[in-house]
Amino acid sequence: MTNIVDAAWHKVLTTYGEPSRPEQSPLLKPFAELVRVAHAKPVLRQLFPWTGMWELHFSRCTEMNYTWDIPYIGTLGDSRYYVEGPSRSNPRIAETDSAQAAVAMVIDRLPPGCGPAFAGNAGELAAYEKARDSR
């Protein structure tokens, strides 16, 4: 399982963590910083990362459908970040000009016993947790 998570982080880091082309979006450089800062935190590094719309999401499982129980971080213009979630229907938690502060906000809001990521999808994780908790 760790290999799946490590491979996902490697893909995110090599796709976004090393900006090299100036013609890319102005959000690329702050997003690259965000990816590097999040990856440096062991508690987040054990979760499955996924990206979209200049947002960095963290899942407690390795396959789609991912979990939506962890806040995510998005990139704004002017090297600012927002923290929302855990689902899209939740209001914005905060905005900050620091990737470190945004990552800290996510870590502070992790569910109890979060990680390492479960090999499977959200439904399989829920069934596993239900069976485990009923013992």
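Residues numbered from 1 in each chain as written. Predicted model: local features only at pLDDT ≥ 70, side-chain atom pairs only at ≥ 80, totals over all residues. Heavy atoms only, no water.

Enquirer: Residues and numbers for the sheet that holds strand 3 (residues 72–76), please.
Expert: Strand order in the open sheet formed by five strands is 1-2-3-4-5, with antiparallel pairing between adjacent strands. If you trace the sheet from one side to the other, it starts and ends with strand 1 (48–52) and strand 5 (92–96), each paired once. This sheet shows a mean twist of 20° between the axes of neighbouring strands, independent of strand direction. Bridge count for strand 3 against strand 4 (residues 80–84) is five bridges, and the pairing is antiparallel. (Pairing = 2+ DSSP bridges. Helix = DSSP H or I, 4+ residues; strand = E, 2+ residues; numbered from the N terminus. Axes fitted to C-alpha atoms, helices over the stretch in contact; angles between N-to-C directions.)

Enquirer: Please provide a residue-by-residue account of empty space enclosed by the protein, values included.
Expert: Applying the stated rule across the entire model yields one cavity of 30 Å³ or more. In this model, the largest cavity occupies a volume close to 30 Å³. Surrounding the largest cavity, Trp50, His57, Phe58, Thr67, Trp68, Asp69, Ile70, Tyr72 and Pro86 form its lining. Each residue belonging to the lining of the largest cavity can be placed in one class, and the counts come to six nonpolar, two polar and one charged. (1 Å grid on protein atoms, 1.4 Å probe; cavity = no way out; pocket = protein on both sides within 12 Å on 5 of 7 lines; lining within 4 Å. Points joined across faces, edges and corners; volume = space filled by probe spheres on them. Nonpolar A, V, L, I, M, F, W, Y, C, P; charged D, E, K, R; others polar.)

Enquirer: Explain unusual backbone geometry to me, and be specific about the residues and the numbers.
Expert: Along the chain, Met64 connects to Asn65 via a cis peptide bond; the corresponding omega equals -5°. By the element assignment, Asn65 lies in the loop between strand 2 (55–59) and strand 3. Looking along the chain, the bond that leaves Gly115 and enters Pro116 is cis, with omega of -5°. Even without glycine at this site, Asp78 takes up a positive phi of about 60°.

Enquirer: Describe the environment of Glu95, with residues and values.
Expert: Mapped onto the elements of the fold, Glu95 is located in strand 5. With 19 residues separating them in the primary sequence, Glu95 and Leu76 have C-alpha atoms 8.9 Å apart. Discounting residues that sit within four places of it in the chain, Glu95 has contacts with Leu76, Arg80, Tyr81 and Tyr82. Only 2.7 Å separates the side chain of Glu95 from the side chain of Arg92, close enough to count as a polar contact. (Contact = heavy atoms within 4.5 Å. Polar contact = N/O pair within 3.5 Å; in protein donor to acceptor, adjacent residues only side chain to side chain.)

Enquirer: Mind laying out the packing of helix 2 (residues 28–39) against helix 4 (residues 99–108), listing which residues take part and the relevant values?
Expert: Between helix 2 and helix 4, the least distance of the axes is 9 Å, while the angle of their chain directions is 50°. Between helix 2 and helix 4, the crossing angle belongs to the class labelled oblique. As for the relative orientation of helix 2 and helix 4, their crossing is right-handed in sense. Judged by residue contacts, Glu33, Leu34, Val37 and Ala38 of helix 2 engage Ala99, Gln100 and Val103 from helix 4. (Parallel < 35°, antiparallel > 145°, perpendicular 65-115°, else oblique. Left-handed = near helix turned anticlockwise from the far one by under 90°.)

Enquirer: So what's going on with the packing of aromatic side chains? Which residues, and what values?
Expert: Aromatic ring pairs are reported here in terms of the distance separating the ring centres and the angle at which the planes meet. According to the stated counting rule, one finds seven aromatic pairs in the structure shown. Here the aromatic rings of Trp9 and Phe58 are separated by 6.4 Å at their centres, their planes lie at 40°, and the arrangement is tilted. Here Trp9, found in helix 1 (residues 2–16), pairs with Phe58, found in strand 2; they are 49 residues apart in sequence, far enough to count as distant. A relative accessible area of 1% means that Trp9 is categorised as buried. The interplanar angle of 80° and the centroid separation of 5.5 Å between the aromatic rings of Phe31 and Trp54 together place this pair among those described as edge-to-face. Of this pair, Phe31 sits in helix 2 while Trp54 sits in the loop between strand 1 and strand 2, placing them 23 residues apart in sequence. With a relative accessible area of 25%, Trp54 lands in the partly exposed category. Through a chain of ring-to-ring contacts, three or more aromatic side chains come together here, namely Phe48, Trp50, Tyr66, Trp68 and Tyr72. The aromatic ring of Tyr82 is capped on one face by Arg92, whose charged end is 4.1 Å from the ring centroid. (Phe/Tyr/Trp six-rings, centres within 6.5 Å; stacked < 30°, edge-to-face > 60°. Buried < 20%, exposed > 50% of the residue type's maximum accessible area, 1.4 Å probe, protein only. Lys NZ or Arg CZ within 6 Å of the ring centre and 35° of its normal.)

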